[in-house]
Amino acid sequence: MYKKVRGFRDIFGDEIYYWNFIEKIIYDLSRRYGYSEYKIPVLEKAEVFNRGIGSTTDIVEKEMFIFKDKNDDFLALRPEGTAGMVRGFVENKLYAISGVKKYFYYGPMFRRERPQKGRYRQFYQFGVEAFGSASPVLDSEVIKLLTDFFKECKIEDKLKLEINSIGCPECRPLYKDKLTEYFETSKDELCEDCRRRLNTNPMRILDCKIESCKAIAEKAPVMINYLCRECAQHFESVKTNLSNMNVSFEVNPHMVRGLDYYVRTAFEMVTDEFEANSTVGAGGRYDGLVKQLGGPDQPGIGFAVGIDRLVGLMESKDVIPQYHLDIFFVLPDGLLDEGVKIINNIREKGYSVDMDFDLGSVKSQMKKANRFKAKFALIFGQNELDKKSVTIKDMDKGNQELVPFSRLMEKLSIKLDK
RNA sequence: GUGGGUGUAGCUCAGCUCGGUAGAGCGCUGGAUUGUGGCUCCAGUGGUCGCGGGUUCAAAUCCCGUCACUCACCCCA
């Protein structure tokens, strides 16, 4: 028997209704905020991600599906959406359009990590990107879109918005020096990982889950106290605008970003439902990225939501209306040809109809009607044919009535149209 | 890449310590109800015990190896 490859999965059955529900929200809500869909290729030259994400990040260093093409190009399955989006933005010269350019994407991403709860090698992200404005009002609008999204998914009560400012290339280096200096003094008390982080990425220590490190990080200097004047003003404005839109948030000065391209505003939607992998959506500003990938110096901001994790959250809460088949068609005798005509007529009116092609006993067909959660069973046997009628049985109430062909559609409309 | 846990029926799992006929619940099929579902009762169907090797008269059970899944770390959505 063939098995799926590690970290990949099939999505079907009850779970797929959650996906369809979410997908509708993605398309409707994005449009409402003025974003148009952008379909990014799944495959890019590996260089796009090296440049865009940062060649020293874990994503690029050890998590990309990368291979050599027949013409010796190195290609990679996209591990995230932003780098490819920006490549397209530059390649198609979309920067030439005046004003803010807003796009959203939705699709699978690929990272070669060890799978665990809420983490797969193929996972789906919905993300938005807005280019061309450095206004903090845009930051707050993007964040509002994110919180609206979870609200429509009916799980906002399971999530908390955290925001932070991680400074800019002007003020962050100074802060990093201060931070490194601080941690150096208590280096011996840090865990092994954190001693390594001290050299590679000291800001990560703020994020460590080990109690002893937490205690040290607690008193560490925080970025928001070292912001340059512009960054500080920007952050204040974002917070004010969020409050004006009634968005509740928490400033988490220990929030960090793994990807090099982020500046200033960083935000996350986190849950405490999962043991690990508690971030369901995250984003931030990336003002230098467009230039980094060969375009003009246009600012940008965006977020990405992990749909697999979102579905995982929603499944523990009964938020999706169950799917009910309108009609299950029961044919006890050899009246298949006649029955199919009726079924076809009903489908063309827009109702959902199914039947059992094995045509077992009426009893077994009724059982199937029940299993499909049909609202009505239509029974069509010799008795009905003789009277040019169909029996309509209400599966909830249990009552039934004989309806002549000529009045069938009218009857269904009364019963099924809300 | 590192560490822990688990692989037995379609699904959830018991049995393994202390070797001796492979089990339960749910599901599925049929019947009680010959043209009527859900509830109940009855019967039936269903497994190379992950795979390979070893020990033994005898292995789901003990030993070795291997693969898979899973949770966690690193990191991330």
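Every value quoted in this text rests on a predicted model; they were computed, and no experiment measured them. (Residues numbered from 1 in each chain as written. Chains lettered and ligands numbered in written order. Predicted model: local features only at pLDDT ≥ 70, side-chain atom pairs only at ≥ 80, totals over all residues. Heavy atoms only, no water.)

Right, let's talk about the sheet that holds strand 16 (residues 400-404) for a bit. Strands pair in a sheet through their backbones, by hydrogen bonds, and they do so in one of two ways: parallel or antiparallel. Within the open sheet, the five strands sit side by side as 13-12-14-15-16. Their pairing is mixed. In the strand order of this sheet, the two ends are held by strand 13 (353-355) and strand 16, each with one partner. Each strand of the sheet is rotated relative to its neighbour by a mean of 30°, with strand direction disregarded. Note that strand 12 (residues 327-330) and strand 14 (residues 376-379) share four bridges and pair parallel. Note that in strand 14 the partner of F328 across the bridge is A377. Helix-sheet contacts for helix 12 (residues 336-348) involve strand 12, strand 13, strand 14 and strand 15 (389-394), and the interaxial angle to strand 13 is about 160°. Against the sheet, helix 15 (residues 405-416) contacts strand 12, strand 14, strand 15 and strand 16, and its axis sits at roughly 135° relative to strand 16. (Pairing = 2+ DSSP bridges. Helix = DSSP H or I, 4+ residues; strand = E, 2+ residues; numbered from the N terminus. Axes fitted to C-alpha atoms, helices over the stretch in contact; angles between N-to-C directions. Contact = heavy atoms within 4.5 Å.)

Once that is clear, we can look at the protein's contact with RNA strand B. RNA strand B sits among 45 residues. The nearest are R111, R119, R197, R204 and M395. Contact between RNA strand B and E384: a base nitrogen at 2.6 Å from a side-chain N or O atom of the residue. Residue M395 places a main-chain N or O atom 2.4 Å away from a base nitrogen belonging to RNA strand B. The set of elements that each furnish at least two residues to the surface near RNA strand B consists of helix 3 (58-62), strand 6 (122-131), helix 7 (192-200), strand 10 (279-285), helix 13 (362-371) and helix 14 (382-386). With six residues, helix 13 is the largest single contributor of residues to the surface near RNA strand B. Counted by class, the surface near RNA strand B contains nine nonpolar, 13 polar and 23 charged residues. (Near = heavy atom within 4 Å. Polar contact = N/O pair within 3.5 Å; in protein donor to acceptor, adjacent residues only side chain to side chain. Nonpolar A, V, L, I, M, F, W, Y, C, P; charged D, E, K, R; others polar.)

Many structure descriptions define interface size as the accessible area lost when the parts assemble. When the domains of chain A are assigned, the result is domain 1 (14-171 + 227-315) and domain 2 (327-416). Put simply, the middle of domain 1 and the middle of domain 2, counted by C-alpha atoms, are 49 Å apart. (Domains from an automatic or database assignment.)

Before going further, it helps to examine the pairing of strand 4 (residues 74-77). As paired strands, strand 2 (residues 43-45) and strand 4 are joined by three bridges and run antiparallel to one another. Looking across to strand 4, one finds that K45 is bridged to L75. Strand direction decides the pairing type here: strand 3 (residues 66-68) and strand 4, joined by three bridges, are antiparallel. Note on strand 4: the bridge partner recorded for I66 is A76. Counted between consecutive antiparallel strands, the loop separating strand 3 from strand 4 contains five residues, among which D72 sits at a positive phi close to 75°.

All right, on to the environment of I342 then. Looking at the element boundaries, I342 is found in helix 12. Here I342 falls in the buried class, since its relative accessible area comes to 10%. Residues I342 and L408, 66 residues apart in the sequence, show an inter-C-alpha distance of 9.6 Å. Apart from the residues lying within four places of it in its own chain, the contact partners of I342 are F329, F380, V390, F405 and L408. (Buried < 20%, exposed > 50% of the residue type's maximum accessible area, 1.4 Å probe, protein only.)

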